[in-house]
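Letter by letter, the chains look like this.
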Amino acid sequence: MSVAGKENREEGRARLWTGARLATMAAGQPGLGIVEDGAVLAENGRIVFAGRRADLPAAAAARAETVDCDGRWITPGLVDCHTHLVHAGNRAREFEMRLAGASYEEVARAGGGIVSSVRALRAASEDDLVRETLPRLDALAAEGVTTVEVKSGYGLDLANERKSLAAARRLGELRDMRVVTTFLGAHALPPEAAGDKDAYIAQVADVMLPALAAEGLVDAVDGFCEGIAFSPDQIARVFERARGLGLPVKLHADQLSNLHGAALAARYGALSADHLEHTDEDGAAAMARAGTVATILPGAFYFIRETRRPPIDLFRRHGVPMAVATDCNPGTAPLTSLLLAMNMAATLFRMTVEECLAGVTREAARALGLSAEIGTLEAGKAADLAIWTVESPAELVYRMGFNPLHARIRRGQ
């Protein structure tokens, strides 16, 4: 039997996890949706039951292979909804320079900054990128991540953006991980653009995006709306083209200043607006009306020693759903631990345990447009689970540098 045939046969088997405590994270349930003495039954890669063991249909349980969880906790598989995981090289040298007092301009003159990441990615082959990225992906998987979003944005021309997205697609073939790809051509201005942002944005919107979408490499479209990147009008041009192609959008918004990126994202019905340190109340209200998720990225805040926190209280007041992600990238967040990202969100931003756990499950799934598929323990969802050896779910947010994952389940296996 082929490997694929064996996988299909295995996925079709019914499996029952019992003797567990569940944090279902289901919307409409109080808190974490805790179920004591719970059970999860999966068949054909899907959850068919998640609830009290006493309510489990006996006939369904009889045909399943049973796994005793011995009182452990089960959560949905974790979702890292904002990463720049595919990149080449690192920027440790410029980190060292900044620690020694070098300014942003001095780092740039020495060849640092995003230009160095562009240079490194362009010099790498697709195979190189896959080989270098796999350890980062494996680190996330080892902490219970079953879905990851991967952005392009270090190629900044058609050939190299294609190479980056193709490498991201291959990650999902080489590892049992759902990989969602995001085209971030509007990330920065490449050196050959000679300062002409409008001409480059025209290339992004009129050449790169249609070509890459036609090749099936793009699940969503992102942009960086900031003074050092692109204006709201320039981002809107990219978003208009994405809309014409039927692709959802998301936005790096209001990280360093308030260009009203949150409101721009909401105007286009964005899945998420991310960073958001400078978002104002109008922006938060617009996101709430549009159903746009606020993706909180504490790793970048910590790494660049930012002082202005995202307006968590505004998001709470307006009912804006909040996700939490690593933002793994070589320049401002070389972070491959979603557990640590939760701890940072709690410690630096005073997000609650419930908000943090929802932020890496239910709301992260929403930020990827995958709420119908993943993010909660409910019948009909993909059987992506994380099983933890902890006394309470709060430990997943509380601990630093400790991984209590007992088992990672993807598609019921």
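Here, every reference points to the structure presented above.
Below is a summary of the structure that appears in this document. Bear in mind that the values here come from a model prediction, so they are computed numbers and not experimental data.

This part is about the pattern of salt bridges. Any two side chains of opposite charge can pair, so long as their charged atoms come close to each other. Counted according to the given criterion, the structure contains 33 salt bridges. The partner of R93 in a salt bridge is E96, and the shortest N-O contact between them spans 3.2 Å. Here E96 and R93 lie together in helix α3 (residues 92-99), a separation of 3 residues that amounts to about one turn. On the accessibility criterion, E96 (46% relative accessible area) is partly exposed. We note a salt bridge from R170 to D127, for which the minimum N-O separation is 2.8 Å. Of this pair, R170 sits in helix α7 (residues 158-174) while D127 sits in helix α6 (residues 126-141), placing them 43 residues apart in sequence. Residue classification places R170 among the partly exposed residues on the basis of a relative accessible area of 24%.

Attention now goes to the side chain of N160. Mapped onto the fold, N160 is located in helix α7. Residue N160 is classed as buried on the basis of its relative accessible area of 11%. Within the structure, N160 has its side chain in polar contact with the side chain of K163 (distance 2.9 Å). Dropping the residues within four chain positions of it, N160 is found in contact with L121, R122 and G155.

Calculation rules
- Residues numbered from 1 in each chain as written.
- Predicted model: local features only at pLDDT ≥ 70, side-chain atom pairs only at ≥ 80, totals over all residues.
- Heavy atoms only, no water.
- Salt bridge = Lys/Arg side-chain N within 4 Å of Asp/Glu carboxyl O.
- Helix = DSSP H or I, 4+ residues; strand = E, 2+ residues; numbered from the N terminus.
- Buried < 20%, exposed > 50% of the residue type's maximum accessible area, 1.4 Å probe, protein only.
- Polar contact = N/O pair within 3.5 Å; in protein donor to acceptor, adjacent residues only side chain to side chain.
- Contact = heavy atoms within 4.5 Å.

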